[in-house]
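Listed here are the chains, written in short residue letters.
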Amino acid sequence: MKKITIALLFLLLGMPSFSTVWVNDLKDTFLTNRAVILAVNIRTFNAKDTNKNDIIEPELGETTGNFVNAIQRLDELKEQGINTIHLLPITPVGKIKAIGTAGSLYAASDFSKINPQLDDTTNNLSVEEEAKNFISECHKRNIRVIADLPSTGSYDMYLAHPNYFVTDKNQQPIVPSDWTDVRLLKVKNADGSLNTEVYELFKNYVDMVMSLNVDGIRADAASSKPYEFWNQLIKYAKSKDPQFLFLAEASDSWNEPIAKNADFTPYDKLLQAGFDGFYGSFMNYKDWKTYADLEKQIQMIKSLPQKYGAPKAVIGSFATHDIVSPIVTGRENYSTQLIWLQATLPVNTYFVDGFQTGDAYTYKYENQKAKKTYTDDNVYYVHKGKLDIFNFSRKPGGNNGELLEEFAIANRIKLSASPLINEADICFLKTTNPSIIAYSRTYKKSTIIVILNKDLTFNQSGIVHFRGINEKTMIMPLRVPTSPIIGKNQIKVDLPPSGITVLTLDATNSNK
């Protein structure tokens with residue numbers, strides 16, 4: 001049996017056609033779990049590394065990623081089923097007390113301009129014009145764009161505007177957590193009122209990205225700003241475009257501030273402030289041993305509309321740029337499991353560029369002394385196993401064609417079956433093996449059954465109980481590493497490490 005069989009049920013639904021005039025629909029897309037998001041770093045997105053040493057050397061004629069050559073990859077993303085891009089920060093980066101030879105994307109030195117590193121200097125266009133053209137090309141392909149809003153300022157910004165920053169008892173700017181290249185912004189004054197200067201920085205950022213026709217914002221470390229700050233900023237943005245999305249980098253499992261003197265606003269208060277969604281806790285998935293934590297997370301997600309009196313949604317935060325590549329964690333099987341989980345759970349699909357082709361984000365120059373630097377750091381600093389955001393590095397790669405095929409097919413099935421994924425009840429099924437997790441989704445006459453092995457190391461076999469199924473039930477496999485055995489009220493599986501089986505069947509045989 002082939003590993004993947006595409007159900008005609010989904011393919012016959014087809015894909016809608018779109019007007020050539022772009023109308024932002026990101027909020028509606030996100031709140032119905034139809035966003036298939038890819039996080040990209042424009043600085044490396046389509047970089048040209050001709051000598052294959054993983055670092056981009058312009059002096060040798062190599063080209064860093066920019067808004068012009070990024071357009072060349074958009075058709076590729078569309079074919080993969082991507083309908084939303086998350087642009088990692090496009091603001092100018094700090095060069096003093098920097099991390100890496102290009103500077104961290106999150107060390108913002110200006111909130112009202114675009115990083116000149118993203119400019120194609122071979123033409124007469126400004127980087128702002130190039131960015132706007134890139135976003136227009138995204139929209140022509142029905143790809144929405146989310147811009148990342150950094151939460152902190154660079155040391156360069158502190159030197160220019162010390163009044164923007166929180167200081168300690170020694171009047172030194174505060175370093176959040178272990179982010180040695182950035183400093184904590186002073187969001188509140190001593191009397192508890194909002195610092196209007198810092199608020200204006202963020203308001204200027206909103207104006208800047210909206211002038212580019214960006215469709216929404218992902219707020220970095222959103223919990224580090226108070227309710228009042230976000231409530232005011234979100235109201236401002238949505239008064240200009242009600243469909244403008246606000247996604248909070250926040251989790252229900254996070255409960256500590258990023259620094260001793262920082263605010264901490266929990267995810268629920270952020271949603272009350274106006275955020276449309278947040279990260280959830282799927283970043284902890286690899287440590288969950290049984291179905292209980294997954295079931296708890298899904299129940300929380302499904303309860304959000306009732307709790308807030310308005311739709312709210314999450315991303316599948318299984319593999320963000322802050323998380324080690326799934327290829328490193330559990331090889332191809334684990335990556336495939338994450339693909340199909342996001343295709344069948346009530347979440348917005350979210351991955352980082354390079355995931356789809358199996359990039360382990362290893363770099364030949366990793367943490368070595370640099371031949372050339374554009375900051376005051378002379379080391380090619382990287383986070384091992386994670387997308388490089390600190391240097392002019394190679395285009396995200398990998399050559400895993402099977403993973404790419406699964407990625408594209410699962411994304412398209414998710415979009416074709418969006419009513420089922422968004423609206424269907426989810427039922428976790430009893431299994432005879434705690435390492436095997438199973439759930440079903442039923443909507444009208446369609447049912448999807450997902451069975452997975454949570455064990456990253458060993459094969460696991462067991463029986464999944466599903467009332468009403470029998471040997472004569474018509475089963476259509478979407479994804480089967482090994483053929484399941486169907487019996488009366490049960491499905492017997494033998495799954496490899498991190499294996500996942502996805503089946504469809506007629507709803508008349510489903511377990512309601």
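Residues numbered from 1 in each chain as written. Predicted model: local features only at pLDDT ≥ 70, side-chain atom pairs only at ≥ 80, totals over all residues. Heavy atoms only, no water.

S.K.: Got a minute to help me understand the pattern of salt bridges in this structure?
M.R.: Two side chains that carry opposite charge are able to pair once their charged atoms sit near each other. For the coordinates displayed, the defined rule picks out 17 salt bridges. The residue aspartate 359 makes a salt bridge to arginine 394 at a minimum N-O spacing of 2.9 Å. Taken together, the residues aspartate 359 in the loop between strand S10 (349-352) and helix H12 (401-416) and arginine 394 in the loop between S10 and H12 connect sequence positions 35 residues apart. Salt bridges here are not isolated pairs; linked through shared partners, they connect Asp75, Glu137, Lys140 and Arg141. (Salt bridge = Lys/Arg side-chain N within 4 Å of Asp/Glu carboxyl O. Helix = DSSP H or I, 4+ residues; strand = E, 2+ residues; numbered from the N terminus.)

S.K.: Would you mind showing me how to read the sheet that holds strand S7 (residues 245-248) here?
M.R.: The strands that make up a sheet pair up through hydrogen bonds in the backbone, lying either parallel or antiparallel. Here eight strands make up an open sheet; going across it, the order is S9-S8-S7-S6-S3-S2-S1-S10 and the pairing parallel. The open sheet terminates on both sides in strands that have one partner only, identified here as strand S9 (313-314) and S10. Examined bridge by bridge, strand S6 (residues 216-219) and S7 share four bridges and lie parallel to one another. Paired with isoleucine 217 across the strands is phenylalanine 246, a residue of S7. Packed on one face of the sheet, helix H7 (residues 196-211) meets strand S3 (144-149) and S6 and runs near 160 degrees to S3. (Pairing = 2+ DSSP bridges. Contact = heavy atoms within 4.5 Å. Axes fitted to C-alpha atoms, helices over the stretch in contact; angles between N-to-C directions.)

S.K.: Help me out: how do you make sense of the sheet that holds strand S14 (residues 460-465) in this one?
M.R.: Strand order in this open sheet of three strands is S14-S17-S16, and the pairing throughout is antiparallel. Across the chains shown, the open sheet's two edge strands, defined by having one partner strand only, are S14 and strand S16 (485-487). Mean inter-strand twist for the sheet, computed between neighbouring axes without regard to direction, equals 20 degrees.

S.K.: What's the story with the confidence of the model for the chain in this structure? I'm lost.
M.R.: Any residue range with low pLDDT should be treated as having predicted coordinates unsuitable for detailed reading. Here the chain shows a mean pLDDT of 92. Residues at 70 or above account for 95%. Note on residues 1-19: pLDDT is under 50 here. Beyond four places in sequence and across chains, it has 32 contacts. (pLDDT = per-residue confidence, 0-100.)

S.K.: Quick question: what am I supposed to make of the nonpolar core here?
M.R.: Nonpolar side chains tend to gather and get buried jointly when the protein is soluble and globular. Formed by 133 residues in total, the largest nonpolar core has its most connected members in Phe134, Trp230, Phe275 and Trp340. The greatest single-element share of this core, amounting to nine residues, is contributed by H7. Not counting chain neighbours up to four residues away, the residues in contact with phenylalanine 134 comprise Ile42, Phe67, Ala70, Ile71, Leu74, Ile85 and Leu87. Val464, Ile491, Val493 and Leu505 belong to the second largest nonpolar core, which has 15 residues in total. (Core = buried A, V, L, I, M, F, W, Y, C linked by side-chain atoms within 4.5 Å. Buried < 20%, exposed > 50% of the residue type's maximum accessible area, 1.4 Å probe, protein only.)

S.K.: How do you make sense of the side chain of threonine 101 when you look at a structure like this?
M.R.: The residue threonine 101 is located in the loop between strand S2 (84-87) and helix H5 (127-140) in this model. Filtering out sequence-adjacent residues up to four positions away, threonine 101 remains in contact with Ala370, Lys372, Thr373, Tyr374, Thr375, Asp377, Val379, Tyr380, Phe390 and Asn391.

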